[in-house]
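Structural features, examined
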Amino acid sequence: AQSVAQPEDQVNVAEGNPLTVKCTYSVSGNPYLFWYVQYPNRGLQFLLKYITGDNLVKGSYGFEAEFNKSQTSFHLKKPSALVSDSALYFCAVRDFPSNNNDMRFGAGTRLTVKP
Amino acid sequence: EAGVTQFPSHSVIEKGQTVTLRCDPISGHDNLYWYRRVMGKEIKFLLHFVKESKQDESGMPNNRFLAERTGGTYSTLKVQPAELEDSGVYFCASSPIGGVADTQYFGPGTRLTVL
């Protein structure tokens, strides 16, 4: 069965600095990888996904993520953090071919960007 | 286009009582999912509807949970009787196509507290 690990509960960065939110995964087949963000009192918002093709995926709000098969990672990155990026970030994976309904999420990483 | 909506946003009930959560998916989305996040842990899959049919309910924790999707539109998730460990945030998501590569769009969640 597939699984996701987000090794950091909390990430703190200063505004204007680059940020990285880490995600590693485990699948038996091919991974389909997703990043979602949850702002306070809001639902999960889709940021980006990797299905196939270019390992560097660009998403909403200037975020990008790099799929690294050898390291089984899909870290979320942004070159210059904004205070408004402060939120809870979730990585998720689906295993293909597999039961396509079972998307496994990580426990979430809380990102705090300080002015 | 309206997003996924959930009602209520918060519910506080006593152990043994019944609670019904409602989810209205994005119009035209045949696929509807329920997830739960308990105690700050990972978001876990509960079940998946395709139109009015339950495609996969392997994540439902026990028979105290009953989900329905009458007419293939909105869905309800009933917990009866509620237990303390049922406390958490219940998310609903919808998608138009289904399948491993499909993006799911999430609602804001219902925070359930069982006292």
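Residues numbered from 1 in each chain as written. Chains lettered and ligands numbered in written order. Predicted model: local features only at pLDDT ≥ 70, side-chain atom pairs only at ≥ 80, totals over all residues. Heavy atoms only, no water.

1. Examining the interface of chain B and chain A
Counted only if it meets this: What makes two residues a contact is simply this: any of their non-hydrogen atoms within 4.5 Å. Buried area: the sum, over both parts, of the accessible surface (1.4 Å probe) that disappears when the two are put together. Every case where a carboxyl oxygen of Asp or Glu lies within 4 Å of a side-chain nitrogen of Lys or Arg is listed as a salt bridge. Throughout this description, a polar contact denotes any pair of N or O atoms lying within 3.5 Å of each other; where both atoms belong to protein, one of them has to be capable of donating a hydrogen while the other can accept it, and for residues adjacent in sequence the pair is counted only when both atoms sit in side chains. Only runs of H or I of at least four residues qualify as helices and only runs of E of at least two qualify as strands under DSSP, and these elements are numbered from the N terminus. Under the scheme applied, nonpolar residues are Ala, Val, Leu, Ile, Met, Phe, Trp, Tyr, Cys and Pro; charged residues are Asp, Glu, Lys and Arg; polar residues are all the others, including Gly.
Tallying the contact residues gives 21 residues for chain B and 23 residues for chain A. For the chain B and chain A pair, buried surface summed over both sides reaches about 1800 Å², with 56% attributable to carbon and sulfur atoms. Joining chain B to chain A, the criterion identifies 0 salt bridges. Our enumeration of links across chain B and chain A arrives at 4 residue pairs in polar contact (both at pLDDT 80 or more). Elements that contribute at least two residues to the side of chain B that touches chain A include exactly β4 (31–37), β5 (43–50) and β6 (53–56) of chain B. Its residues assigned to classes, the side of chain B that touches chain A comprises 9 nonpolar, 7 polar and 5 charged.

2. Some details on the side chain of Gln6(A)
Residues and elements named next belong to chain A. The following threshold applies: Burial classes: relative accessible area under 20% of the type maximum marks a residue as buried, over 50% as exposed, and values in between as partly exposed (1.4 Å probe, protein chains only).
Here Gln 6 lies in the loop between β1 (3–5) and β2 (10–14). The buried category is assigned to Gln 6, whose relative accessible area is 9%. One polar contact links the side chain of Gln 6 to the main-chain amide nitrogen of Cys 91, over a distance of 3.0 Å. For Gln 6, the side chain forms a polar contact with the main-chain nitrogen of Gly 108, separated by 3.2 Å. Once residues within four sequence positions are removed from consideration, Gln 6 is found in contact with Val 21, Lys 22, Trp 35, Tyr 89, Phe 90, Cys 91, Gly 106, Ala 107, Gly 108 and Thr 109.

3. What to know about the nonpolar core
Most often, soluble globular proteins keep nonpolar side chains buried together rather than apart. Applicable threshold: To form a nonpolar core, buried Ala, Val, Leu, Ile, Met, Phe, Trp, Tyr and Cys residues must be joined to one another through side-chain atoms within 4.5 Å.
Grouped together as the largest cluster of nonpolar side chains are 27 residues, with contacts concentrated most on Trp35(A), Leu47(A), Leu48(A), Phe74(A), Leu76(A) and Tyr89(A). Where this core is concerned, the elements lending two or more residues are β2, β3 (19–21), β5 (30–38), β6 (44–50), β8 (64–68), β9 (73–78), β10 (87–96) and β12 (109–114) of chain A. Here the element with the most residues in this core is β10(A); it accounts for 4 residues. Not counting chain neighbours up to four residues away, the residues in contact with Phe74(A) comprise Cys23(A), Leu33(A), Phe34(A), Trp35(A), Leu48(A), Lys49(A), Tyr50(A), Ala65(A), Glu66(A) and Phe67(A). Judged by nonpolar contacts, the second largest core, of 21 residues, contains Cys23(B), Trp34(B), Leu47(B) and Met60(B).

4. Remarks on the state of the cysteines
Convention followed: When two cysteine sulfur atoms lie within 2.5 Å, the pair is treated as a disulfide.
What the rule picks out here adds up to 2 disulfides over all chains. The disulfide partner of Cys23(A) is Cys91(A), and the S-S distance across this bridge is 2.0 Å. Since a negative S-S torsion denotes a left-handed disulfide, the Cys23(A)-Cys91(A) link at about -65° is left-handed. Of this pair, Cys23(A) sits in the loop between β3 and β4 (24–26) while Cys91(A) is found in strand β10, placing the two residues 68 residues apart along the sequence. For the pair shown, Cys23(A) and Cys91(A) are each scored as buried. Through a disulfide, Cys23(B) is tied to Cys92(B); the S-S separation comes to 1.8 Å. Here Cys23(B) and Cys92(B) share a disulfide; its torsion about the S-S bond, -65°, makes the bridge left-handed. Highlighted residues: Cys23(B) in strand β3 (residues 19–24) and Cys92(B) in strand β9 (residues 88–95), separated in sequence by 69 residues.

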